[in-house]
Amino acid sequence: MSDEPVVGRAPGKIILFGEHAVVYGEPAIGLALSKNASATLKPGRGQVRLRLDEGINVAVSENAATPKDLVAAVLKPDLANLDVELALEFPPMSGFGSSAAIAVALIRAQDQLNGVPPRTFAVAFERALGVETVAHAKPSGVDPAICLKGGLVRFVRAGLRPQVSRLKMKLPAHLVVASAGGHGGTRQSVTRLADMKATTPKLVEQAMQTLGETARVGGQALLSGDFPTAGLAMDLANGVLSGFGLVAPAVEQGLAICRGAGALGAKMSGAGGDGGAFCALFDGVRRARRAVNLLNEAGYMAWMEPLAESSGPTSDIEPSA
Ligand code: MEV
């Protein structure tokens, strides 16, 4: 084991289509963010610190895994002899996949520390999914899959061998990404939907199928450059998710700001609930920039993510850091 500090990094994610429905076998489409989680390990006595980028301020939810839980799940029994500094460039507990990104960053740092050679996607996924169960009730695996694969990703749940593919867009577009505070816990919202499904199975199943169809149609439209259709699919998905009580009023107001600035479609993203992440699709960079400015002026944390073929790594073999 090296005495030098080692650093592992991994990106957050934003889901464009298919959150919640992906738990029930429908496809999801998401993008790895340009913003990262990092984990620095150095010899020490088991101290864990979390550093958030300036301007990030999220209330801690009792329903979310703490960074300490994630660190313990990855590093036990090595933790007693290490100090760990986690840093996030995006808000935690908001729908940006902070648990998966922290887990993957920790695994990459630990592999570096132990001189473990690069893992294949399948091996890295299995390990990260094991850690993520600390954070979610029954994670579909979509968060670690996007984080490990990078770029624009299509994901279908299938146990430890899910179908995961990188998508290539014909034309570039712009995604405005924002958050309205913490979402209140993925475990909570996934469990609530499971309870609704137990009470009204057919209704919830058909809603999930509709969400799956927005991913199929919206995903295809994104790839072919038919952005108005992709935007329509986003709006429709948001309507269904709103019916489940997953779109908080502050998120709805943020979506209205985006639509007012010329978004082709906009929706909540991730687990949803009390607040959390949302995104909006634009075909023009100026309108997207205007939406980012309006959102930031209104107190949201907003930025732009390019939607293009070339973002992120291209290999299935994961670098160890
Ligand atoms: C969370 O990013 C996405 C959910 O569908 C949960 C999961 O798939 O594990 C809400």
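On a predicted model such as this, the values are computed, not experimentally measured, just so you know.

## What about the domain arrangement of the protein?
Interface size is commonly expressed as the accessible area that is lost once the parts come together.
Link 1 in the chain: Considered domain by domain, the protein is made up of domain 1 (6-166) and domain 2 (173-307).
Link 2 in the chain: If you average the C-alpha positions of domain 1 and of domain 2, the two centres end up 21 Å apart.
Link 3 in the chain: Between domain 1 and domain 2, the contact holds 33 residues from the first and 48 residues from the second.
Link 4 in the chain: Between domain 1 and domain 2, the buried area comes to about 3200 Å², and carbon and sulfur atoms account for 69% of it.

## Thoughts on the packing of helix H2 (residues 98-113) against helix H3 (residues 121-132)
Link 1 in the chain: Running from amino to carboxyl end, H2 crosses H3 at an angle of 125 degrees, the nearest separation of the two axes being 9 Å. Of the possible angle classes, the one that applies to H2 and H3 is oblique. Handedness of the crossing formed by H2 with H3: right-handed. Listed contacts from H3 to Ala100, Ala103, Val104, Ile107 and Gln110 of H2 are Arg127, Ala128, Val131 and Glu132.
Link 2 in the chain: Residues that form the contact of H2 with H3 fall into these classes: six nonpolar, one polar and two charged.

## Examining the packing of aromatic side chains
Link 1 in the chain: This structure, assessed with the given rule, holds five aromatic pairs.
Link 2 in the chain: With 6.4 Å between their ring centres and 75 degrees between their planes, Phe90 and Phe96 make a pair best called edge-to-face. Comparing Phe90 with Phe96, the two get one shared label, buried.
Link 3 in the chain: Taken together, a centroid distance of 5.5 Å and an interplanar angle of 85 degrees make the contact between Phe278 and Tyr300 edge-to-face. One end of the pair, Phe278, is in strand S9 (residues 276-282); the other, Tyr300, is in the loop between helix H9 (285-297) and strand S10 (301-307), and 22 residues separate them in sequence. For the residue pair Phe278 and Tyr300, the accessibility class agrees, reading buried in each case.
Link 4 in the chain: The side chain of Lys35 reaches across the aromatic face of Trp303, ending 4.8 Å from its centre.

## Some points on the sheet that holds strand S8 (residues 265-268)
Link 1 in the chain: Strand order across the open sheet formed by four strands is S8-S9-S7-S10, with antiparallel pairing between neighbours. Of all the strands in the sheet, the pair left with one neighbour each is S8 and S10. Ignoring which end each strand starts from, the neighbouring axes of this sheet average 20 degrees apart.
Link 2 in the chain: Note that strand S7 (residues 173-180) and S9 share seven bridges and pair antiparallel. From the neighbouring strand, Ala180 faces S9, where its bridge partner is Gly276.

Definitions and limits used
Residues numbered from 1 in each chain as written. Predicted model: local features only at pLDDT ≥ 70, side-chain atom pairs only at ≥ 80, totals over all residues. Heavy atoms only, no water. Domains from an automatic or database assignment. Contact = heavy atoms within 4.5 Å. Buried area = accessible area lost by both parts, 1.4 Å probe. Axes fitted to C-alpha atoms, helices over the stretch in contact; angles between N-to-C directions. Helix = DSSP H or I, 4+ residues; strand = E, 2+ residues; numbered from the N terminus. Parallel < 35°, antiparallel > 145°, perpendicular 65-115°, else oblique. Left-handed = near helix turned anticlockwise from the far one by under 90°. Nonpolar A, V, L, I, M, F, W, Y, C, P; charged D, E, K, R; others polar. Phe/Tyr/Trp six-rings, centres within 6.5 Å; stacked < 30°, edge-to-face > 60°. Buried < 20%, exposed > 50% of the residue type's maximum accessible area, 1.4 Å probe, protein only. Lys NZ or Arg CZ within 6 Å of the ring centre and 35° of its normal. Pairing = 2+ DSSP bridges.

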